[in-house]
Amino acid sequence: METIRNREEAAQLLAMRLAKYKGEKGVVLAIPRGGVPIGAHIASALGMPLEVTLTKKIGHPLNPEFAIGAVSLESVAVDERAEVPAAYIAAEVERVRKSLQQKYKTFMGDRKPISLKGRVVIIVDDGIATGKTLEATVQLVRKGNPRKVVVAVPVAPPTAAAHFSALVDDFVCLLVPPFFQAVGQFYEEFPQVSDEEVIQLLQEQDQG
């Protein structure tokens, strides 16, 4: 297999590879927006709840593109070697968290996030490019004391696949192509996923 037809096919194939977790106390955390259609199918197949996981980097004060840490709704991970003033970190955390809270409210409404403690946590996205957001997500998820952290993605470059295989308890990936430029090149259909689609999928999971 050199390409994947679309997110739907990716979800079906990943769900088959993750079937060993069916019936376990777990949760599927999808990275919006592209990870949500895949996560929704996996959550249904495994009988687990579906949530979105929101993580955003903290940029260096002199170079905002250079990540020195990451923030989620509950926790913060900062690279201590960055030697950045604590006041800057505190202000950035507050600013970033405010935008994440608004985004979470858009997607999840008033629902409170599920506790990850003791659960099998399956983090899902539609592919890994640099892996920075995903790595931050894994770090922050670990702080919730899950029993196991699993990353499931349709496609990843070899360096990222090796990195995440060592970083998490189980790394499930359909394609690890040697010549990797962008996630979209390995899908035959790769449409944008809208906020509305994400909200609808989350609501459907809730009702299901």
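Residues numbered from 1 in each chain as written. Predicted model: local features only at pLDDT ≥ 70, side-chain atom pairs only at ≥ 80, totals over all residues. Heavy atoms only, no water.

Participant: I'd love a proper account of the sheet that holds strand β4 (residues 63-71), names of residues and values included.
Facilitator: Reading across the sheet, the three strands line up as β3-β4-β5 and stay open at both edges, with antiparallel pairing between neighbours. A single partner strand is all that each edge strand has here, and the edge strands are β3 (56-60) and β5 (76-78). Strand-to-strand twist of the sheet, defined as the mean angle between neighbouring strand axes without regard to direction, takes the value 50°. In this fold helix α3 (residues 86-108) packs onto β3, β4 and β5, with an angle of close to 150° to the strand it touches most, β3. (Pairing = 2+ DSSP bridges. Helix = DSSP H or I, 4+ residues; strand = E, 2+ residues; numbered from the N terminus. Axes fitted to C-alpha atoms, helices over the stretch in contact; angles between N-to-C directions. Contact = heavy atoms within 4.5 Å.)

Participant: Tell me about the pattern of salt bridges, residues and numbers included.
Facilitator: Counted by the stated rule, this structure contains ten salt bridges. In this structure, E9 engages R5 in a salt bridge whose closest nitrogen and oxygen atoms are separated by 3.3 Å. With a relative accessible area of 18%, E9 lands in the buried category. Look at R5 and you get partly exposed, because its relative accessible area is 41%. (Salt bridge = Lys/Arg side-chain N within 4 Å of Asp/Glu carboxyl O. Buried < 20%, exposed > 50% of the residue type's maximum accessible area, 1.4 Å probe, protein only.)

Participant: If you had to explain unusual backbone geometry to someone new, which residues and values would you point to?
Facilitator: A cis geometry characterises the amide bond from P32 onward to R33, with omega recorded as 0°. Mapped onto the secondary structure, R33 falls in the loop between β1 (26-30) and α2 (35-46). For E83, which is not a glycine, the phi torsion comes out positive at approximately 50°. On the secondary structure map, E83 appears in the loop between β5 and α3. On the basis of relative accessibility, which here comes to 74%, the residue E83 falls in the exposed class.

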